[in-house]
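Survey of secondary and tertiary structure
What follows is each chain in one-letter form.
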Amino acid sequence: MPRRRPGALRAERGTYEGRRPPAWTRPLPPVDRLPPAAAAAAHWARPGRADEIADLLSRYRNFLRRPGGTLLLSPSPCPGCPGCARDDIAVVRDALADLQRTLPPVARTALGCLLRDLDAQFLRRTLPDPDPPAGRWADRQGRPRAWWHRRLHEDT
Ligand SMILES: [Zn+2]
(Lines give C-alpha, C1' and ligand atoms only; values in the text may rest on other atoms or scores of the structure.)
Protein backbone atom coordinates (compact mmCIF):
# COMPACT_ATOMS: atom_id res chain seq x y z
CA MET A 1 0.00 0.00 0.00
CA PRO A 2 1.45 3.41 -0.88
CA ARG A 3 2.27 5.69 2.03
CA ARG A 4 -0.11 8.58 2.43
CA ARG A 5 1.36 12.01 2.05
CA PRO A 6 1.73 13.93 5.34
CA GLY A 7 -0.24 16.82 3.84
CA ALA A 8 -3.28 14.61 3.25
CA LEU A 9 -3.12 13.30 6.83
CA ARG A 10 -2.83 16.82 8.24
CA ALA A 11 -5.82 17.96 6.23
CA GLU A 12 -7.88 15.02 7.49
CA ARG A 13 -6.97 15.61 11.12
CA GLY A 14 -7.79 19.29 10.89
CA THR A 15 -11.26 18.78 9.44
CA TYR A 16 -13.21 18.99 12.72
CA GLU A 17 -10.63 20.86 14.78
CA GLY A 18 -12.32 22.80 17.54
CA ARG A 19 -15.78 21.61 16.48
CA ARG A 20 -17.83 18.67 17.56
CA PRO A 21 -17.66 16.02 14.82
CA PRO A 22 -21.01 14.95 13.35
CA ALA A 23 -22.68 11.94 14.95
CA TRP A 24 -21.92 9.58 12.10
CA THR A 25 -18.16 9.99 12.56
CA ARG A 26 -18.27 8.90 16.20
CA PRO A 27 -17.28 5.30 16.77
CA LEU A 28 -19.91 2.98 18.19
CA PRO A 29 -19.19 1.68 21.68
CA PRO A 30 -17.00 -1.41 21.74
CA VAL A 31 -18.61 -4.82 22.29
CA ASP A 32 -16.38 -6.93 24.50
CA ARG A 33 -13.43 -7.94 22.29
CA LEU A 34 -15.22 -7.92 18.94
CA PRO A 35 -13.30 -6.10 16.20
CA PRO A 36 -14.83 -2.65 15.41
CA ALA A 37 -16.60 -3.72 12.20
CA ALA A 38 -18.21 -6.66 13.97
CA ALA A 39 -19.20 -4.49 16.94
CA ALA A 40 -20.80 -1.99 14.58
CA ALA A 41 -22.71 -4.82 12.88
CA ALA A 42 -23.92 -6.07 16.27
CA HIS A 43 -25.23 -2.59 17.09
CA TRP A 44 -26.87 -2.28 13.72
CA ALA A 45 -30.65 -2.73 13.36
CA ARG A 46 -31.35 -4.08 16.85
CA PRO A 47 -31.06 -1.61 19.75
CA GLY A 48 -29.82 -3.31 22.90
CA ARG A 49 -28.47 -6.41 21.18
CA ALA A 50 -24.81 -5.34 21.37
CA ASP A 51 -25.12 -4.51 25.07
CA GLU A 52 -26.72 -7.85 25.73
CA ILE A 53 -23.91 -9.68 23.93
CA ALA A 54 -21.30 -7.73 25.93
CA ASP A 55 -23.10 -8.57 29.19
CA LEU A 56 -23.34 -12.27 28.32
CA LEU A 57 -19.68 -12.46 27.28
CA SER A 58 -18.61 -10.84 30.53
CA ARG A 59 -20.69 -13.39 32.49
CA TYR A 60 -19.02 -16.20 30.54
CA ARG A 61 -15.54 -14.73 31.16
CA ASN A 62 -16.26 -14.23 34.87
CA PHE A 63 -17.28 -17.87 35.20
CA LEU A 64 -14.06 -18.99 33.47
CA ARG A 65 -11.97 -16.61 35.59
CA ARG A 66 -12.99 -18.26 38.86
CA PRO A 67 -10.01 -19.59 40.77
CA GLY A 68 -9.31 -23.26 41.31
CA GLY A 69 -9.07 -26.14 38.90
CA THR A 70 -12.34 -27.73 37.95
CA LEU A 71 -15.43 -25.58 37.64
CA LEU A 72 -18.86 -26.98 38.39
CA LEU A 73 -22.00 -25.60 36.82
CA SER A 74 -24.76 -24.50 39.14
CA PRO A 75 -28.40 -24.26 38.19
CA SER A 76 -30.04 -20.91 38.89
CA PRO A 77 -31.91 -20.89 42.20
CA CYS A 78 -34.67 -19.00 40.38
CA PRO A 79 -34.69 -20.26 36.77
CA GLY A 80 -38.11 -18.80 35.96
CA CYS A 81 -37.15 -15.15 36.01
CA PRO A 82 -35.12 -13.72 33.14
CA GLY A 83 -32.56 -11.93 35.34
CA CYS A 84 -31.81 -14.87 37.64
CA ALA A 85 -31.93 -17.53 34.90
CA ARG A 86 -28.57 -16.18 33.71
CA ASP A 87 -26.92 -17.14 36.99
CA ASP A 88 -26.71 -20.52 35.24
CA ILE A 89 -23.76 -20.37 32.85
CA ALA A 90 -25.38 -22.91 30.48
CA VAL A 91 -28.31 -20.49 30.07
CA VAL A 92 -25.83 -17.68 29.35
CA ARG A 93 -24.21 -19.84 26.66
CA ASP A 94 -27.66 -20.63 25.18
CA ALA A 95 -28.42 -16.90 24.97
CA LEU A 96 -25.11 -16.26 23.19
CA ALA A 97 -25.91 -19.00 20.66
CA ASP A 98 -29.39 -17.55 20.07
CA LEU A 99 -28.05 -14.01 19.59
CA GLN A 100 -25.23 -15.22 17.36
CA ARG A 101 -27.81 -16.53 14.90
CA THR A 102 -29.43 -13.08 14.65
CA LEU A 103 -26.20 -11.26 13.74
CA PRO A 104 -25.06 -10.07 10.31
CA PRO A 105 -22.31 -12.36 8.90
CA VAL A 106 -19.27 -10.26 9.88
CA ALA A 107 -20.37 -10.08 13.51
CA ARG A 108 -21.55 -13.70 13.56
CA THR A 109 -18.10 -14.86 12.45
CA ALA A 110 -16.25 -12.62 14.91
CA LEU A 111 -18.44 -13.69 17.83
CA GLY A 112 -17.88 -17.30 16.72
CA CYS A 113 -14.12 -16.78 17.08
CA LEU A 114 -14.48 -15.43 20.62
CA LEU A 115 -16.83 -18.26 21.55
CA ARG A 116 -14.51 -20.94 20.18
CA ASP A 117 -11.78 -19.69 22.50
CA LEU A 118 -14.09 -19.38 25.52
CA ASP A 119 -15.69 -22.79 24.83
CA ALA A 120 -12.22 -24.38 24.71
CA GLN A 121 -11.50 -22.94 28.16
CA PHE A 122 -14.93 -24.11 29.35
CA LEU A 123 -14.18 -27.64 28.12
CA ARG A 124 -10.80 -27.63 29.88
CA ARG A 125 -12.17 -26.36 33.20
CA THR A 126 -15.39 -28.43 33.40
CA LEU A 127 -15.99 -32.18 33.34
CA PRO A 128 -18.43 -34.25 31.32
CA ASP A 129 -21.47 -35.42 33.28
CA PRO A 130 -21.46 -39.24 33.01
CA ASP A 131 -25.20 -39.46 33.71
CA PRO A 132 -27.01 -36.19 33.05
CA PRO A 133 -30.68 -35.96 34.04
CA ALA A 134 -33.26 -35.89 31.24
CA GLY A 135 -33.65 -32.11 31.53
CA ARG A 136 -30.11 -31.62 30.31
CA TRP A 137 -30.74 -33.54 27.09
CA ALA A 138 -33.91 -31.70 26.14
CA ASP A 139 -35.86 -28.75 27.47
CA ARG A 140 -39.50 -28.87 28.58
CA GLN A 141 -40.67 -28.40 25.01
CA GLY A 142 -38.57 -31.37 23.92
CA ARG A 143 -36.01 -29.28 22.05
CA PRO A 144 -32.52 -30.78 22.30
CA ARG A 145 -30.09 -28.95 24.57
CA ALA A 146 -26.52 -28.10 23.60
CA TRP A 147 -23.47 -29.96 24.95
CA TRP A 148 -22.67 -27.29 27.52
CA HIS A 149 -25.68 -28.42 29.57
CA ARG A 150 -24.14 -31.86 30.02
CA ARG A 151 -21.10 -30.84 32.04
CA LEU A 152 -20.80 -31.73 35.69
CA HIS A 153 -23.01 -29.64 38.00
CA GLU A 154 -22.82 -29.00 41.72
CA ASP A 155 -24.71 -31.57 43.77
CA THR A 156 -28.33 -30.59 43.81
ZN1 LIG B 1 -35.35 -14.40 40.22
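Quick summary incoming for the structure in this document. (Residues numbered from 1 in each chain as written. Predicted model: local features only at pLDDT ≥ 70, side-chain atom pairs only at ≥ 80, totals over all residues. Heavy atoms only, no water.)

Details of the packing of helix H5 (residues 89–102) against helix H6 (residues 105–125)
- Relative to each other, H5 and H6 sit at 160 degrees, their axes nearing to 10 Å. Taken together, H5 and H6 sit at an angle that is classed as roughly antiparallel. With respect to the hand of their crossing, H5 and H6 are arranged in left-handed fashion. Between H5, through Ile89, Arg93, Leu96, Gln100 and Arg101, and H6, the contact on the second element is made entirely by Arg108, Leu111, Gly112, Leu115, Asp119 and Phe122. (Axes fitted to C-alpha atoms, helices over the stretch in contact; angles between N-to-C directions. Helix = DSSP H or I, 4+ residues; strand = E, 2+ residues; numbered from the N terminus. Parallel < 35°, antiparallel > 145°, perpendicular 65-115°, else oblique. Left-handed = near helix turned anticlockwise from the far one by under 90°. Contact = heavy atoms within 4.5 Å.)

With respect to the nonpolar core
- Ranked by internal contacts, the top residues of the largest apolar core, which has 31 residues, are Leu34, Ile53, Leu57, Tyr60, Leu96 and Phe122.
- For this core, the secondary-structure elements that each account for two or more residues are helix H2 (36–43), helix H3 (49–64), H5 and H6.
- Sequence-distant contacts of Leu34, defined by excluding residues within four places in its chain, comprise Ala39, Ala110, Leu111 and Leu114. (Core = buried A, V, L, I, M, F, W, Y, C linked by side-chain atoms within 4.5 Å. Buried < 20%, exposed > 50% of the residue type's maximum accessible area, 1.4 Å probe, protein only.)

Re the coordination of the zinc ion
- Bound to the zinc ion are the protein donor atoms Cys78 (SG), Cys81 (SG) and Cys84 (SG), situated 2.3 Å from the metal.
- All donors of the zinc ion come from a single chain, and their spacing in sequence reads C-x2-C-x2-C.
- With relative accessibility at 34%, the residue Cys78 sits in the partly exposed group. (Donors = N, O, S within 2.8 Å, 3.2 Å for Na, K, Ca; no water.)

Observations regarding the packing of H3 against H5
- In contact at an axis separation of 10 Å, H3 and H5 are set at 145 degrees when each is read in the N-to-C sense. Remark: the crossing between H3 and H5 carries left-handed chirality. Facing H3, whose interface residues are Arg49, Glu52, Ile53, Leu56, Leu57, Arg59, Tyr60 and Phe63, H5 presents Ile89, Val92, Arg93, Ala95, Leu96, Leu99 and Thr102.
- Among the residues forming the contact of H3 with H5, the class breakdown is 10 nonpolar, one polar and four charged. (Nonpolar A, V, L, I, M, F, W, Y, C, P; charged D, E, K, R; others polar.)

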